[in-house]
2 protein chains.
Amino acid sequence: MSSTVGVLGGMGPEATLDFFAKLVRQAGARSDHEHVRLLIDNNPGVPDRNAALSGRGESPGPVLAQMARGLQASGADFLVMVCNTAHAFESDILNATTIPFVSLINETRDAVLRGRPGLRRIGLLATSTCLDAGLYQSAFAPSGVRTLALEGDALERFMALLYRIKAGDTGSDVRAQMRALAQELVNLGAEVLVAGCTEVPLVLDAQDVPVPLVNSTDVLVERTLQYARGHAPFPERSVEPSA
Amino acid sequence: MSSTVGVLGGMGPEATLDFFAKLVRQAGARSDHEHVRLLIDNNPGVPDRNAALSGRGESPGPVLAQMARGLQASGADFLVMVCNTAHAFESDILNATTIPFVSLINETRDAVLRGRPGLRRIGLLATSTCLDAGLYQSAFAPSGVRTLALEGDALERFMALLYRIKAGDTGSDVRAQMRALAQELVNLGAEVLVAGCTEVPLVLDAQDVPVPLVNSTDVLVERTLQYARGHAPFPERSVEPSA
């Protein structure tokens with residue numbers, strides 16, 4: 001019997017759907033009973049993460065805390081959250097619960113570093129809010145790997161693309177623009193790219209870029225299955241000051 | 001603000017994923033906040049519905065009741081269940097909760113009857129358990145519409161297909177066999193076919209059959225969005241004796 005996974009989702013629903021679809025496919029189950037139990041709170045009403053951290057809206061922290069508490073009360077054995085940016089509010093979730101929380105940021109960092117001892121520079125495809133909160137920069141700091149990110153006009157174009165994806169537009173124009181932004185990071189010297197926003201993999205594939213692409217959703221799917229099946233010990237719980 | 005939907009799922013996970021994917025796509029949302037909140041209990045550990053009703057396994061009733069209670073406690077305003085056969089245990093769910101339960105069977109019946117006053121015979125692509133429990137037969141009885149179903153060897157072939165689909169096989173052979181079984185019902189005189197098992201639409205499309213195909217998952221998606229957005233009054237709660 002595998003553990004029950006509590007999923008904080010809906011940020012956006014397409015990204016949660018992508019996670020769920022990949023998890024079902026990669027479970028390699030031959031019958032219903034070999035699948036993993038998921039409790040998914042697909043809550044598209046979580047206050048906008050980007051608006052909150054830039055002071056233009058209410059904090060999603062209390063809503064995320066309430067969702068996490070609800071998932072634990074419903075029987076979740078551990079929690080994951082399908083949104084990189086919302087990890088800026090991880091401490092609200094940790095303070096509200098007592099079960100393990102698997103950080104998408106930390107798992108993605110570990111997947112990037114694994115088997116790449118000489119890595120010097122990575123490129124972050126992440127929201128301005130995720131970058132401002134320093135989520136990936138802090139995670140990579142101890143390793144000495146430099147993080148490169150989009151800036152200025154390029155970052156604005158990236159953010160505009162994300163909201164088009166959330167509005168259901170995953171067409172060829174959006175894909176071409178995302179590919180071009182990824183290439184800018186490669187031109188700056190990125191040896192590995194991190195799809196550090198769960199909307200990015202909806203329009204960018206590994207074959208679209210000339211360097212390895214580490215997809216945070218794929219990492220979370222793989223690790224969630226390992227944790228649920230008891231193939232990996234849960235990470236330590238650490239509560240840090242809220243962003 | 002729309003109502004929160006509680007989803008009893010995992011029977012199987014592919015069918016729940018299909019429901020979630022269609023609901024996200026059909027929400028017609030232009031931003032996260034225009035989507036509907038879903039609490040999904042994707043529980044692949046629900047005891048086998050077919051084994052239970054044929055006396056070869058434990059009843060899923062208590063597990064379904066527990067899931068329903070959990071969804072209500074987590075804030076669901078109404079419940080849906082993405083499995084036709086499990087509706088044989090609807091009374092366990094109704095007895096365990098106080099919020100509306102939207103019956104996949106009744107909604108599919110209503111979708112079949114709507115706009116078809118002269119309808120005489122429908123063909124049911126449904127599990128042997130769903131048929132033995134008489135779920136669709138009872139639902140259609142007041143309308144006078146006759147229900148035709150697969151029998152004997154054809155029904156056995158249908159059941160074998162479902163377990164292949166649950167094992168992840170949605171390939172061309174499974175599709176061809178499902179199409180042939182659908183055609184058998186048309187040959188018997190079915191004027192409309194009902195995909196009355198949530199695995200069926202994973203391998204059968206409207207263009208595969210020469211008569212209208214009413215897909216129970218599609219019906220549930222459409223109606224769930226209407227109920228969640230307050231565009232339809234909830235059905236009356238009726239507790240009937242457990243199957």
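The name an unreviewed UniProt entry gives chain A is Aspartate/glutamate racemase family protein, with Deinococcus hohokamensis as the organism. In its Sequence similarities (unreviewed entry) section, UniProt records this for chain A: "Belongs to the aspartate/glutamate racemases family."

Both copies of the chain are related by one operation, a rotation about an axis with a shift along it. The two copies are related by a screw operation: chain A maps onto chain B through 180° of rotation and 0.0 Å of translation along the axis, at an RMSD of 0.0 Å. Look at the turn and shift together and you get a two-fold axis relating the two. Across chain A, the rotation axis passes nearest the C-alpha of I40 of chain A, at a separation of 2.5 Å. With an isologous cut-off of 70% or more, the 100% of interface residues of chain A that recur at the interface of chain B puts this contact in the isologous class.

Before going further, it helps to examine the pattern of salt bridges. Residue and element names in this part refer to chain A. Considering all chains together, one arrives at 25 salt bridges over all chains under this definition. A salt bridge links K166 to E199, with the shortest nitrogen-to-oxygen separation between them at 3.3 Å. Here K166 is found in helix α8 (residues 152–166), whereas its partner E199 is found in the loop between β7 (192–195) and β8 (213–215), with 33 residues between them in sequence. The pair K166 / E199 is uniform in exposure class, with both members buried.

How big an interface is tends to be reported as the loss of accessible area on association of its parts. Counting residues at the interface gives 36 residues for chain A, matched by 36 residues for chain B. Approximately 2800 Å² of surface area, both sides summed, lies buried where chain A meets chain B, with 52% of it carried by carbon and sulfur atoms. Connecting chain A to chain B are five salt bridges. Two residues, K166 of chain A and D32 of chain B, come together in a salt bridge whose shortest N-O distance is 3.1 Å. It is helix α1 (residues 13–26) of chain A that provides the largest number of residues to the side of chain A that touches chain B, a total of eight residues. The residue inventory of the side of chain A that touches chain B, partitioned by class, reads 16 nonpolar, eleven polar and nine charged. As defined by bridge partners, strand β2 (residues 38–42) of chain A adjoins strand β2 (residues 38–42) of chain B across five bridges and the pair is classed as antiparallel. The partner of L38 of chain A across the bridge, within β2 of chain B, is N42 of chain B.

Residue and element names in this part refer to chain A. The terminal C-alpha atoms of helix α9 (residues 172–187) lie 22 Å apart, and with 16 residues this matches the ideal 22 Å at 1.5 Å per residue to within 8%. Residues of α9 that are buried: V174, M178, L181, A182, L185 and V186. One side of α9 holds all its buried residues, which, seen down the axis, span an arc of 150°. Along α9, the residues that are exposed and aim more than 90 degrees away from the buried face are S172 and N187. Packed against the buried residues of α9 are β5 (121–125), β6 (146–149), α8 and β7.

On to the sheet that holds β6 of chain A. All names here are of chain A. Strand order in the open sheet made by the four strands is β6-β5-β7-β8, with parallel pairing throughout. With partners counted over all chains shown, the strands left at the sheet margins are β6 and β8, one partner each. Strand-to-strand, the axes of this sheet are offset by a mean angle of 30°, without reference to chain direction. For β7 and β8, the ladder comprises three bridges, and the chain directions are parallel. Pairing of V194 across the sheet is with V214, part of β8.

Let us now look at the pairing of β5 of chain A. On a regular strand, each side chain points to the face opposite its neighbour's, so the side chains alternate between the two faces of the sheet. Residue and element names in this part refer to chain A. Of all five residues in β5, four are buried; the element is thus mostly enclosed. Taken together, the four bridges between β5 and β6 define a ladder with parallel strand orientation. Bridged to G123 within β6 is L148. One ladder, built from four bridges, connects β5 with β7; its direction is parallel. Its bridge partner lying in β7, G123 is registered against L193.

All names here are of chain A. Direction vectors running N to C along α8 and α9 enclose 145°, while the axes themselves pass 10 Å from each other. Both α8 and α9 take part in a crossing whose hand is left-handed. For the pair α8 and α9, contact is made by A154, R157, F158, L161, L162, R164 and I165 and by D173, V174, Q177, M178, L181 and E184, respectively.

Residues and elements named next belong to chain A. When its domains are assigned, chain A resolves into domain 1 (5–104 + 218–228) and domain 2 (105–216). The C-alpha-based centres of domain 1 and domain 2 are spaced at 20 Å. At the interface, 24 residues of domain 1 touch 23 residues of domain 2. Across the interface of domain 1 and domain 2, roughly 1900 Å² is buried in total on both sides, 49% from carbon and sulfur atoms. A per-residue breakdown of the area domain 1 buries against domain 2 is headed by N50, N84 and V219, which together make up 31% of the total. The interface formed by domain 1 and domain 2 includes one salt bridge. With a shortest N-O distance of 2.7 Å, E107 and R223 are connected by a salt bridge. Inspection of the region where domain 1 meets domain 2 yields 17 residue pairs in polar contact (both at pLDDT 80 or more). Elements with a contribution of two residues or more to the side of domain 1 that touches domain 2: α1, α2 (49–53) and α10 (216–228).

Cut-offs and rules
- Residues numbered from 1 in each chain as written.
- Chains lettered and ligands numbered in written order.
- Predicted model: local features only at pLDDT ≥ 70, side-chain atom pairs only at ≥ 80, totals over all residues.
- Heavy atoms only, no water.
- UniProt positions renumbered as here; feature names shortened; annotations may be inferred.
- Least-squares fit on C-alpha atoms with pLDDT ≥ 70 in both.
- Contact = heavy atoms within 4.5 Å.
- Salt bridge = Lys/Arg side-chain N within 4 Å of Asp/Glu carboxyl O.
- Helix = DSSP H or I, 4+ residues; strand = E, 2+ residues; numbered from the N terminus.
- Buried < 20%, exposed > 50% of the residue type's maximum accessible area, 1.4 Å probe, protein only.
- Buried area = accessible area lost by both parts, 1.4 Å probe.
- Nonpolar A, V, L, I, M, F, W, Y, C, P; charged D, E, K, R; others polar.
- Pairing = 2+ DSSP bridges.
- Expected span 1.5 Å × (residues − 1).
- Arc of directions from axis to C-beta.
- Axes fitted to C-alpha atoms, helices over the stretch in contact; angles between N-to-C directions.
- Left-handed = near helix turned anticlockwise from the far one by under 90°.
- Domains from an automatic or database assignment.
- Polar contact = N/O pair within 3.5 Å; in protein donor to acceptor, adjacent residues only side chain to side chain.

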